[in-house]
Amino acid sequence: MHSSQMIQLSDATTNLNQAHTEKLIALGQSDPATSGKWDVWSNKSPISPIHAVLLPPNGNGKSRILFFNGSGNNPTRTPNGGIVVDYGNQNFSVLIASPQDANGVPLDLFCGGQSLLPDGSVLVAGGTDKYNNTVGNFYFYGLKDSFIFNRNTLAWKVVQPMFGGRWYPTQVTLGDGRVLAVSGYTESGGLNYLPEIYSPADDSWTVFEGTSPFPLYASLFLMENGAVFYAGAHFDFNQNVSPRILNLYKSTSWETPLFGNFGGLEQPDFGNQATSVLLPPAQDQRVMILGGGTRNTNTTATNRVNIVDLKANDLTYKPAPYLNNPRMHLSAVLLPDRTVFVCNGSKANEQTGQANTNIPAEIYDPLTNTWKQVATANVKTRVYHSLALLLPDGSVFTAGGNPQRLNECLDQGNTLEQCAGGDSPLSEELRVEVYSPPYLFQSQRPVINSASQTVTYGGTITIQTDQASKIQWVHLIKPMAITHSLDTEQRLVDLPINSRTDTALNVTVTGNPNLAPPGWYMLFITDTNRIPSVAQWVQLTQKTNTSLQATFYVDANFAGASQSFLPGVYRAARGDLDIVGNNTIRSLRVPVGLTVQICDNSDGSGLCSNFGPGDYPYVGDALNDITSYINVQLQSQV
């Protein structure tokens, strides 16, 4: 389907699609082995969960979910610090105390950024400094403050503030464990053009020179070379910034837009409350953008799906099979069978009538490049401020949503208590629902009997399982940290199987921290029927110095122009070899702790050579002056 077909469907086609959808709604819940199954919890959340983070296990070995919302888009509400959700027992904690300023005044976490640090704590940058109730261009002002949540003490700590305020910023965990913050409204209400990077090692922020005006909650992904890709999904307006690659070095930054008109992205003005995912596995470096709408409150959402291959010579979005139903305010979750689950949202902005939200969830299979409609959620009000995230058992947890805005609810003559109080507020969805995918009903699941809980870059893992002969995939999935259809954390990283016995698998962990930033992951094994195990939590640690760099020279004997590369994958076709250039490398130095592979083709194929630690005054006749691909990996240091 082309862009001209995207939204304006004929009445006949619309009626056929609606009939097919209604049939799926009627049949889907009765056949969980085909369409999965939805279950609503009996308990409701005490708060509207605008932000959610799946927490790694605490000191007692228990993983929970952190909900937080601060003032929750309600200027009359005293900000809270959130709650934790015991998803195994379906219950909620009491309210956690909000972080406070030096005068003991609660600081508002509403609409900050969020990401997981390597130790499993949560970094939140920014939030709401104040609401602006007057008519003007800006309605919120961003906090400069930053906070860390400790999953063991269930307490917030105020850490070093940023240089500028941020409301609706994006955070991305980098390959060295630091965190990038981009965009957001400042403390004075304007858009923040200055990226900053937080270092947990010394509790400091580094500010960079100004970038393009990246939109609010811009969808960003860490790439294999350490750069960051802006996918084109966002909140509100796109600020006329096309999909592009952002590089940051020392205090400078530079950008490389994708090729073509707006990077080839179809309907670029429909990025508002779209969503994006790094398709599995992360090694493939393919990003999908799906759904979305415009800022117009009466807009009809789009079912547009585009995919860009960030390894390709032509960096541009290309059409992919579209969603069966248009959606905005949607969520996309990577499943351990290497598919993408899509739920939540409305066909028309925040409208929650049956015609707009009574739509089945969908699953995309990258192997077949097809969409399948599955069961429909019971809760139909998950639009603005809704969320979904993967649980370690392979199910999907969904929560949140504003059936209507607070001001709209009050304008209808309702009281503040009716709109935002009690356990059934008119403007906040407090019910929780869990989706169990079809693979949970199809056959016996493989079981991880044991595996190391700590893994290192470039190392191996031995996994004990009685189903070793039937396992086709082993992978790590990073826990999600989601808000406003945005999640920059989740990624599925393939662990190639080296060998197997009847009861054990031996797999290799990537040596590229840009593919798998340090931190906690869910380890899954998936059998030949694509049935996944329950995950085991593992922590990917930095045993090796991630600041090590391999240096390449354009002349033999370490002469001429040179360029040094941190661990990562670098391709001439993408412009990564900007100093040494394409086909000009003749010598290199590899420090202890790194390994290097070079190839003559930018996709890593063709003639290749591997180099361990050492000095190489000549790369050899086979690859002299024809290198177009460099893969620098961390070497396991056990």
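Quick note: structure is the one above.
Residues numbered from 1 in each chain as written. Predicted model: local features only at pLDDT ≥ 70, side-chain atom pairs only at ≥ 80, totals over all residues. Heavy atoms only, no water.

This part covers the overall build of the chain. Summing up its helical and strand segments, the chain has five helices and 47 strands in all. Relative to its length of 638 residues, the chain is compact, with a C-alpha radius of gyration of 24 Å against a globular reference of 26 Å. Along the longest, intermediate and shortest principal axes, the C-alpha atoms of the chain span 80 × 55 × 55 Å. Long-range pairs, those at least 24 residues apart, make up 62% of the contacts in the chain between residues at least 6 apart in sequence. For the chain, the exposed area adds up to about 23,000 Å²; of that, 48% sits on carbon and sulfur atoms. With 38 positive and 50 negative side-chain charges, the chain shows a separation of 3 Å between the mean positions of the two kinds. (Helix = DSSP H or I, 4+ residues; strand = E, 2+ residues; numbered from the N terminus. Rg over C-alpha atoms; globule rule 2.2 N^0.38 Å. Contact = heavy atoms within 4.5 Å. Areas by Shrake-Rupley, 256 points an atom, 1.4 Å probe, with all protein chains shown as cover. Lys, Arg positive; Asp, Glu negative; His and termini not counted. Charge placed at Lys NZ, Arg CZ, Asp CG, Glu CD.)

Throughout the structure, instances matching the rule amount to two disulfides. One disulfide in the model links Cys409 with Cys419; its S-S distance is 2.0 Å. Its S-S torsion of approximately -90 degrees makes the covalent link between Cys409 and Cys419 left-handed. Of this pair, Cys409 sits in helix H4 (residues 406–411) while Cys419 sits in helix H5 (residues 416–420); the two residues are ten residues apart in sequence, bridging distant segments of the chain. The pair Cys409 / Cys419 is uniform in exposure class, with both members buried. Here Cys599 pairs with Cys608 through a disulfide, and the sulfurs are 2.1 Å apart. Taking the sign of the S-S torsion, about 110 degrees here, the bridge from Cys599 to Cys608 comes out right-handed. Judged by its relative accessible area of 34%, Cys608 is partly exposed. Described in terms of the sequence order of its bonded cysteines, the disulfide pattern of the chain is 1-2, 3-4. Of all cysteine sulfurs, the one in Cys409 lies closest to Cys111, which takes part in no disulfide; the gap is 19 Å. (Disulfide = S-S within 2.5 Å. Buried < 20%, exposed > 50% of the residue type's maximum accessible area, 1.4 Å probe, protein only.)

Where charged atoms of side chains with opposite charge meet at close range, the side chains can pair. Here the structure, examined in full by the defined rule, presents 21 salt bridges. One salt bridge in this structure joins Lys37 and Asp39, with 2.5 Å as the shortest N-O distance. In this structure Lys37 comes out as partly exposed when scored by relative accessible area, which is 27%. Given the relative accessible area of 33%, Asp39 is considered partly exposed. Each of Glu224, Arg571, Arg574 and Asp576 takes part in a single network of salt bridges with overlapping partners. (Salt bridge = Lys/Arg side-chain N within 4 Å of Asp/Glu carboxyl O.)

Bringing the environment of Thr294 into the picture now. Structurally, the position occupied by Thr294 is in the loop between strand E21 (286–290) and strand E22 (305–309). For Thr294, a relative accessible area of 16% corresponds to the buried category. Between the alpha carbons of Thr294 and Trp473 there is a distance of 39 Å; along the sequence they are 179 residues apart. If sequence neighbours within four positions are ignored, Thr294 has contacts with Asp269, Phe270, Asn272, Thr299, Met328 and Asn349. A distance of 3.3 Å separates a polar atom in the side chain of Thr294 from the backbone nitrogen of Asn296. (Polar contact = N/O pair within 3.5 Å; in protein donor to acceptor, adjacent residues only side chain to side chain.)

On to the sheet that holds strand E6 (residues 115–116), then. Read from one edge to the other, the open sheet built from four strands follows the order E6-E7-E10-E11, with strand pairing classed as antiparallel. Looking along the sheet, the strands with just one partner apiece sit at the ends: E6 and strand E11 (155–159). (Pairing = 2+ DSSP bridges.)

The next point concerns the nonpolar core. Among the nonpolar cores identified, the biggest contains 62 residues, and Phe229, Ile463 and Phe552 are the most heavily contacted of them. With residues near it in sequence (within four places) discarded, Phe229 still touches Ser219, Leu220, Phe221, Met223, Pro243, Arg244, Ile245, Leu258, Val287, Val308, Leu310 and Tyr317. Formed by 58 residues, the second largest nonpolar core is a distinct cluster that contains Leu279, Val305, Cys343 and Ile531. (Core = buried A, V, L, I, M, F, W, Y, C linked by side-chain atoms within 4.5 Å.)

Taken in spatial order, the four strands line up as E24-E25-E26-E27 in an open sheet, and their pairing is antiparallel. Pairing within the sheet leaves two strands with one partner each, and these edge strands are strand E24 (331–334) and strand E27 (370–373). Averaged over all pairs of adjacent strands, the angle between strand axes in this sheet comes to 25 degrees, irrespective of strand direction. Pairing of E24 with strand E25 (residues 340–343), which is carried by four bridges, proceeds in the antiparallel orientation. Across the sheet, Val333 pairs through a bridge with Phe341, a residue of E25. (Axes fitted to C-alpha atoms, helices over the stretch in contact; angles between N-to-C directions.)

Okay, the environment of Pro437 next. By secondary structure assignment, the location of Pro437 is in the loop between strand E30 (433–436) and strand E31 (454–456). In this structure the C-alpha to C-alpha distance between Pro437 and Ser35, which are 402 residues apart in sequence, comes to 7.0 Å. Leave out the neighbours within four places in its chain, and Pro437 touches Gly36, Leu335, Gly394 and Ser395.

The omega torsion across Pro280 and Pro281 is -10 degrees, close enough to zero to call that bond cis. Note that Pro281 resides in the loop between strand E20 (275–278) and E21. The phi dihedral of Tyr217 is positive, around 45 degrees, even though this residue is not glycine. If you trace the backbone, Tyr217 turns up in the loop between strand E15 (204–207) and strand E16 (220–222). For Tyr217, a relative accessible area of 2% translates into the label buried. Positioned with a positive phi, His329 is a non-glycine residue whose angle comes to about 65 degrees.

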